[in-house]
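# Examination of the molecular architecture
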Amino acid sequence: MATLQHMSTAEDIILANFKNGKLQINDKAGPSSNSPEFTYYKNVDTPDERLRKRRILVAKSQSLQYVGYNHGPEAPKANSACKYLVGVLDKKTNKMKVYDAQYYQLRPWLHNDMQPDQDETDQPTEQTYIEKQDALTEAFGSLRKRRAVDSRHKSKVSNEAIEKSAKVAVTIAKSQPTTPIKETMDSEGVLPCCDREATKVEDVYKLDDLVAPHLLEALKKVSGKFCNANIQRIQEWQKQKTYSSFVLDHLRTLANEPTDEKQKKAAILLYLHNLSIMYALKISDLNKKIPFEGDTPMSVKKHLLDSFTQSTLVGDGSRQKRCLPKRMKDKMISHALVLALILDDYKTKLSPLQSAFKVGVRILESHARALGCRVTSIAEVTEAGGSLPSKSPTAQKVAELSLPLRITYTPKKKLGGKKR
């Protein structure tokens, strides 16, 4: 068994490793025809003991120079966590002499961008206070502080990324529809356009302001299944829960309408059905393929997404993500209520809409009052032929739009929590 003897020397033994791989040395023609020349530098002009321990190892070949440090960010990370030793074994005496060693990782030093007349000893460019602090931390700071500086440098956003994000944001803003904001619209854009000075109830909320004429025409072309639906087909949809009770109830009376009015109401019902699909979507499903009604025109799908969702920039600004904030959901409810009023001659029951959009009746009541409707309760007829009082909890809530308007739009109060 060999015996160990620790030896002390003026300078530690040098261990070097080329980061880019093993250096190929060949006497014949090859990447490096001769062994590199090694030069070892140390700082002797300073009284600071820590600075005097700094060393730089340079390996120079015919084509390239390699540099390694025992300090700063270029030094191997393991130097601060372990100690390197080199053992020399004498096979005759079976004794091993152990010497302290310094480990260097040599990296290629590329300086092709320097001008031929530029002196390497030129003074470096002036650093900011933060850059000086970071340099000191990297040289003498604790491991925790060095990690914090490294993390901040990785998180730093470059000017190029900021400019790219700004260009994408401008492009998105330019692509948005630039319809003028009417004075009759509420400040948050939740309620549809309203003509408060209208002399007829039909002119208070116009269908063209909710569904553009070209979109309505596109929906009429694909609403044939609604126009031609018979009782058996409607019962099948009801059993399979394909459509809400609001849509099915209106389809039962659609057969008695004139052809033009039938197509118009069928198109509105198809629009309302797609609106309820969007309302029920989760955030995770919003950026996937939305399950709109199969034959819904692409122009209508784009209109629904642009009108009732918001786009935000993700990552470096090169990707967009759709979101559905509470304000947009309120906008859907308000538009659905107005379309229901148009379908039902401006007097509609709230319970079918409650079933379609899965919302509480109080939410529908507050939206209806904000639209200028009067909300009342009507007696519900029982199976025995009697009727329940209008103040019964199961009584039907009805929203009716009439003149003069009774708009009572109040800001939402914070729900829940105790007063302190």
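This text goes with the structure placed above it.
As a starting point, this report considers the structure included with it. Just so you know, these numbers come straight off a predicted model, no measurement behind them. (Residues numbered from 1 in each chain as written. Predicted model: local features only at pLDDT ≥ 70, side-chain atom pairs only at ≥ 80, totals over all residues. Heavy atoms only, no water.)

## Brief notes about empty space enclosed by the protein
Condition: A cavity, in this analysis, means grid points on a 1 Å lattice covering only the protein atoms where a 1.4 Å probe fits yet has no way out; a pocket is instead an open set bounded by protein on both sides within 12 Å along at least five of seven lines, and a residue lines either one if it has an atom within 4 Å of a point. Grid points are joined across faces, edges and corners, and a volume is the space filled by probe spheres set on the points. Per the convention used, a helix needs a DSSP run of H or I reaching at least four residues, while a strand needs a run of E reaching at least two, with both numbered from the N terminus. Basically, the charged four are Asp, Glu, Lys and Arg, the nonpolar ten are Ala, Val, Leu, Ile, Met, Phe, Trp, Tyr, Cys and Pro, and anything else, Gly included, counts as polar.
Per the counting criterion, the structure on display carries one cavity of 30 Å³ or more. Its volume calculated, the largest cavity comes out at about 30 Å³. In this structure, the largest cavity is lined by Ser244, Phe246, Val247, Leu272, His273, Ser276, Leu353, Ala356 and Phe357. Counting only elements with at least two residues in the lining of the largest cavity, the list comes to α9 (245-252), α10 (259-279) and α14 (351-357). Across the lining of the largest cavity, the residue classes break down as six nonpolar, three polar and no charged.

## Quick look at the environment of Asp90
As a reminder, the rule being used: Relative accessibility decides the category of a residue: with a 1.4 Å probe and only protein chains considered, values under 20% of the type maximum give buried, values over 50% give exposed, and everything between is partly exposed. Polar contacts, as used here, are pairs of N or O atoms within 3.5 Å; protein pairs need one atom able to donate a hydrogen and one able to accept it. Residues neighboring in sequence count only if both atoms are side-chain atoms.
Note that Asp90 resides in strand β6 (residues 84-90). Residue class for Asp90 comes out partly exposed when judged on its relative accessible area of 36%. In this structure, the C-alpha to C-alpha distance between Asp90 and Ala2, residues 88 residues apart in sequence, is 9.0 Å. From its side chain, Asp90 meets the backbone nitrogen of Lys92 in a polar contact 3.1 Å long.

## A word on the packing of aromatic side chains
Cut-off, in case you're wondering: Ring geometry is summarised as follows: Phe, Tyr and Trp rings, the Trp one being its six-membered ring, pair when their centres sit within 6.5 Å, and such pairs are stacked at plane angles under 30 degrees, edge-to-face over 60 and tilted between the two. Two conditions define a charge located above a ring, namely a distance within 6 Å from the ring centre to NZ of Lys or CZ of Arg, and an angle within 35 degrees of the ring normal.
This structure, assessed with the given rule, holds seven aromatic pairs. Geometrically, the ring pair formed by Phe226 and Tyr243 is edge-to-face, given 5.2 Å between the ring centres and 80° between the ring planes. With Phe226 in helix α7 (residues 224-227) and Tyr243 in the loop between α8 (231-240) and α9, the pair connects residues that are 17 residues apart, well separated along the chain. By relative accessible area, which is 1% here, Phe226 ends up buried. We classify Tyr243 as buried; its relative accessible area is 7%. Members of the aromatic cluster, joined through ring pairs, are Phe226, Trp237 and Tyr243. Above the ring of Tyr279, the side-chain terminus of Lys329 is found at 4.8 Å from the ring centroid. Taking NZ or CZ as reference, Lys331 lies 5.4 Å from the ring centre of Phe308, over its face.

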